[in-house]
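Examination of the molecular architecture
Okay, here's what each chain looks like letter by letter:
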Amino acid sequence: MEAGGLADSLLSGACVLFTLGMFSTGLSDLKHMRMTRSVDSVQFLPFLTTDVNNLSWLSYGALKGNWTLIAVNAVGAVLQTLYILVYLHYCHRKHAVLLQTATLLGVLVLGFGYFWLLVPDTETRLQQLGLFCSVFTISMYLSPLADLAKVIRTKSTQRLSFSLTIATLLTSASWTFYGFRLKDPYIVVPNLPGILTSFIRFWLFWKYPQEQDRNYQLLQT
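The following refers to the structure shown. (Residues numbered from 1 in each chain as written. Predicted model: local features only at pLDDT ≥ 70, side-chain atom pairs only at ≥ 80, totals over all residues. Heavy atoms only, no water.)

Counting secondary structure elements, the protein chain contains 10 helices and 0 strands. From first element to last, N terminus to C terminus, the protein chain shows the α and β order α-α-α-α-α-α-α-α-α-α. Taking 221 residues into account, the globule formula puts the C-alpha radius of gyration at 17 Å, and the protein chain, at 19 Å, falls close to it. Expressed along its principal axes, the backbone C-alpha trace of the protein chain runs to roughly 65 × 45 × 30 Å. The proportion of buried residues among the 221 residues of the protein chain is 42%. The contacts in the protein chain between residues at least 6 apart in sequence include a share of 77% that link residues at least 24 apart. Carbon and sulfur atoms make up 68% of the accessible area of the protein chain, which totals about 12,700 Å². Computed over 16 positive and 11 negative side-chain charges, the inter-centroid distance for the protein chain is 10 Å. (Helix = DSSP H or I, 4+ residues; strand = E, 2+ residues; numbered from the N terminus. Rg over C-alpha atoms; globule rule 2.2 N^0.38 Å. Buried < 20%, exposed > 50% of the residue type's maximum accessible area, 1.4 Å probe, protein only. Contact = heavy atoms within 4.5 Å. Areas by Shrake-Rupley, 256 points an atom, 1.4 Å probe, with all protein chains shown as cover. Lys, Arg positive; Asp, Glu negative; His and termini not counted. Charge placed at Lys NZ, Arg CZ, Asp CG, Glu CD.)

As structure tokens, then:
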């Protein structure tokens, strides 16, 4: 195998491994919901937006003919749909959750209808769909900035997950390098904020250690 082909295979494998590892972090929420038979302290919106993001990138991968994108996002969509169904099962406010789901899925269906029916040129469709996926992914990576600001105000990192931060950094970095190899800016650009926010989180973990938070809480009790 040529060096270029080996590098592409390694990067592809890293993207699959790290991304599925990041998706699997939701299994802890799944276990919590099943054990407590409730959705207390579990946020629904990340499951829904990640599912829509997976389905969007799955369509982009299918249009581009990239099996790495197809495989990762197909598995991701299945996992997120599972999380959503379990959340719905244990949630008491089903109407609000179903309304959110129907609204976002309605937007997704309208978007797919536009891309597949009203944009006949394949190359134009690929560019516009890639742009949509990029903007959506960037908004997902930047959405937790409010939480980071709260961490700074409270000087506590208890609400942050160190394992998820590592998974996000590895996933974003692998997709960035993979996008460079493919010369695909729609893959490169949306993963750069993931790298940036991960380093910000690491800095916050260093500045406000969780052990220090626990000691502070003990002093307050």
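Text resumes after the structure shown.
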